[in-house]
Amino acid sequence: MKLISVVVPCYNEEEVLPLFYREITRTAGEMPEYEFEFLLVDDGSGDGTLSVMRGLAGGDERVKYLSFSRNFGKESALYAGLSRARGDYVALMDADLQDPPALLPEMMRAIQEEGYDCAATRRVTRRGEPPIRSFFARRFYGLMRRISKTEMMDGARDYRLMTRQFVDALLELGEYNRFSKGLFGWVGFRTKWLEYENVERAAGETKWSFWKLLLYSIEGIVAFSEAPLAVAAFAGLLFCLLALFFLVFVLVRAAIFGDPVAGWPSMMCTILLIGGIQLFSIGVLGEYLSKTYLEVKKRPIYICKETNLP
Ligand code: UDP
Ligand code: MG
């Protein structure tokens, strides 16, 4: 019998975890032709998530858990789950039931019968989300389409089912700064996109503030595009041309009309503008450098404190 591993990152999800367990076991019951393992990854929760996991594992040997020594972030939790999953197929799913487990049979059909390597989901609506967040999310995907070669689907969720081959390819990308949405696109293969309406969280609250998301999007840009690095070179070239043009203009004007000394305001504007562009460019460089710095340090992506995995 083929094994499906369901990887679930959990950060302060004590309220919703029992509900999730009920739903996922119901779905597993509807797919008797497969064996299941539920790999719950506790991302350093401060509430009772870990004891809920221990409880679930005590009553059901399909439940495996792994607990981090601190909060490493969802990307690390996903990586840990993927690297410890043994399944022939691996599903990634949020604990909050925003990723309906009931879609699993349909995803499995796409892989088994239609020959896809991966079945992924995207939301077609962003109902229930603050409008400003939707606005920036759309801009982000629009920008990424233009500046990155890696394909990133608008509204894509991390909820997906993958073949073992797909997972092994993902695991080969052992980078420290993990931006999953990009990694999924980067490895290629054939992905079927299933669309569904946004579902609200079953209980508990979102872990993503607007700022956290903004920083995350910058991470995505740095990880999957080199275009910002070219901005400085481009702006530099533009200003050189402009300066050349201006030089000729000033010389000719001085030759014809003489040179009445004036123009302090225009001088200040120029200095501020160019200074600003220089600082911005250094900032962009710094952003890439800091990511490189973290990458070369080769720190582990997560540290496991407790697990019932062999
Ligand atoms: N999560 C995590 N570590 C974090 C933040 C979130 O493992 O630092 C998990 C969280 O428990 C949930 C999933 O990632 O299962 C998605 O988080 P959330 O529902 O808060 O995000 P949203 O659905 O609002 O984007
Ligand atoms: Mg959620």
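Keep in mind that what you see is a predicted model, and the values were worked out from it rather than measured. (Residues numbered from 1 in each chain as written. Chains lettered and ligands numbered in written order. Predicted model: local features only at pLDDT ≥ 70, side-chain atom pairs only at ≥ 80, totals over all residues. Heavy atoms only, no water.)

### What to know about the sheet that holds strand β3 (residues 63-68)
For clarity, the cut-off: Two strands are said to pair when DSSP picks up at least two bridges between them. Numbering of helices and strands starts at the N terminus; helices are DSSP runs of H or I of at least 4 residues and strands are runs of E of at least 2. Helix axes are fitted to C-alpha atoms over the stretch in contact, other axes to C-alpha atoms as well, and angles between N-to-C directions run from 0 to 180 degrees. By definition, residues are in contact when any of their heavy atoms lie within 4.5 Å.
The mixed open sheet is built from 8 strands, whose spatial order is β7-β5-β6-β4-β1-β2-β3-β8. The two strands at the open ends of the sheet, each matched to only one other strand, are β7 (191-196) and β8 (304-307). Averaged over all adjacent pairs, the angle separating strand axes in this sheet is 20°, with direction ignored. Direction of pairing for strand β4 (residues 89-92) relative to strand β6 (residues 156-163): antiparallel, over a ladder of 4 bridges. Among the inter-strand pairings, Tyr89 is bridged to a residue of β6, identified as Thr163. Helix α2 (residues 49-59) contacts β1 (2-10), β2 (34-42), β3 and β8 of the sheet and is inclined by roughly 155° relative to β3.

### Topic: the site of ligand 1
Using the following cut-off: Near, as used in this document, describes a residue that has one of its heavy atoms within 4 Å of the molecule or strand being considered. Under the rule applied, a polar contact is a pair of N or O atoms within 3.5 Å (in protein, one hydrogen donor and one hydrogen acceptor; residues adjacent in sequence only if both atoms are side-chain atoms). For the accessible areas, the method is Shrake-Rupley and the probe is 1.4 Å, while residue cover comes only from the protein chains on display. Think of it as three bins: nonpolar holds Ala, Val, Leu, Ile, Met, Phe, Trp, Tyr, Cys and Pro, charged holds Asp, Glu, Lys and Arg, and polar takes everything else, Gly as well.
In the vicinity of ligand 1, 16 residues are found, and the nearest of them are Glu13, Asp43, Asp96, Gln98 and Thr206. Ala95 is positioned with one of its backbone polar atoms (N or O) 3.0 Å from an oxygen atom of ligand 1. Here Gln98 contributes a side-chain N or O atom positioned 2.6 Å from an oxygen atom of ligand 1. Protein chains bury 89% of the 530 Å² of accessible surface belonging to ligand 1 in isolation. A breakdown of the residues in the shell around ligand 1 according to their chemical character gives 5 nonpolar, 4 polar and 7 charged.

### Points about the pattern of salt bridges
What counts here: A carboxyl oxygen of Asp or Glu within 4 Å of a side-chain nitrogen of Lys or Arg is what we treat as a salt bridge.
Counting across every chain of the model gives 14 salt bridges. Salt-bridge contacts for Lys181 lead to Asp158; the nearest nitrogen and oxygen are separated by 3.5 Å. Here Asp158 lies in strand β6 and Lys181 lies in helix α7 (residues 180-187), a separation of 23 residues in the sequence. Through salt bridges with shared partners, a single network forms among Lys74, Asp94, Asp99, Arg157, Asp158 and Lys181.

### A look at the packing of helix α8 (residues 210-224) against helix α10 (residues 264-297)
Which entries qualify depends on this criterion: When describing relative orientation, an angle under 35 degrees is termed roughly parallel and one over 145 degrees roughly antiparallel, while 65 to 115 degrees is termed roughly perpendicular and anything else oblique.
Packing of α8 against α10 leaves a shortest axis separation of 10 Å and a crossing angle of 80°. By the criterion of interaxial angle, the relationship of α8 to α10 is roughly perpendicular. In this structure, α8 uses Ile218, Glu219, Ile221 and Val222 to contact α10, whose residues at the interface are Glu287, Tyr288 and Lys291. Considering only residue class, the contact of α8 with α10 consists of 4 nonpolar, no polar and 3 charged.

### Remarks on the side chain of Asp96
Examined against the element boundaries, Asp96 turns out to sit in the loop between β4 and α4 (104-112). Looking at Asp96, its side chain comes within polar contact range of the main-chain nitrogen of Gln98, at 3.0 Å. Contacts of Asp96, omitting those with residues within four sequence positions, involve Val16, Arg201 and Ala202.

### Quick word on the packing of aromatic side chains
Spelled out, the test is: Pairing of aromatic rings covers Phe, Tyr and Trp, the last through its six-membered ring, and needs centres within 6.5 Å; plane angles under 30 degrees mean stacked, over 60 mean edge-to-face, and all others mean tilted. Remark: exposure states derive from per-residue accessible area (1.4 Å probe, protein chains only) relative to the maximum for the residue type, with buried under 20%, exposed over 50%, and partly exposed in between. We count a charge as sitting over a ring when the NZ of a lysine or the CZ of an arginine lies within 6 Å of the ring centre and within 35 degrees of the ring normal.
Using the criterion set out here, one finds 15 aromatic pairs in the structure. Aromatic side chains Phe68 and Phe72 sit 5.5 Å apart centroid to centroid with 90° between the ring planes, which places their arrangement in the edge-to-face category. Each of the two residues, Phe68 as well as Phe72, counts as buried. Within the aromatic cluster, the residues linked to one another by ring pairs are Phe140, Tyr141, Phe179, Trp208, Tyr216 and Phe224. One Lys or Arg, Arg190, reaches over the ring of Tyr116 and ends 4.4 Å from the middle of that ring. The ring of Trp208 is capped by Lys212, whose NZ or CZ atom sits 5.4 Å from the centre of that ring.

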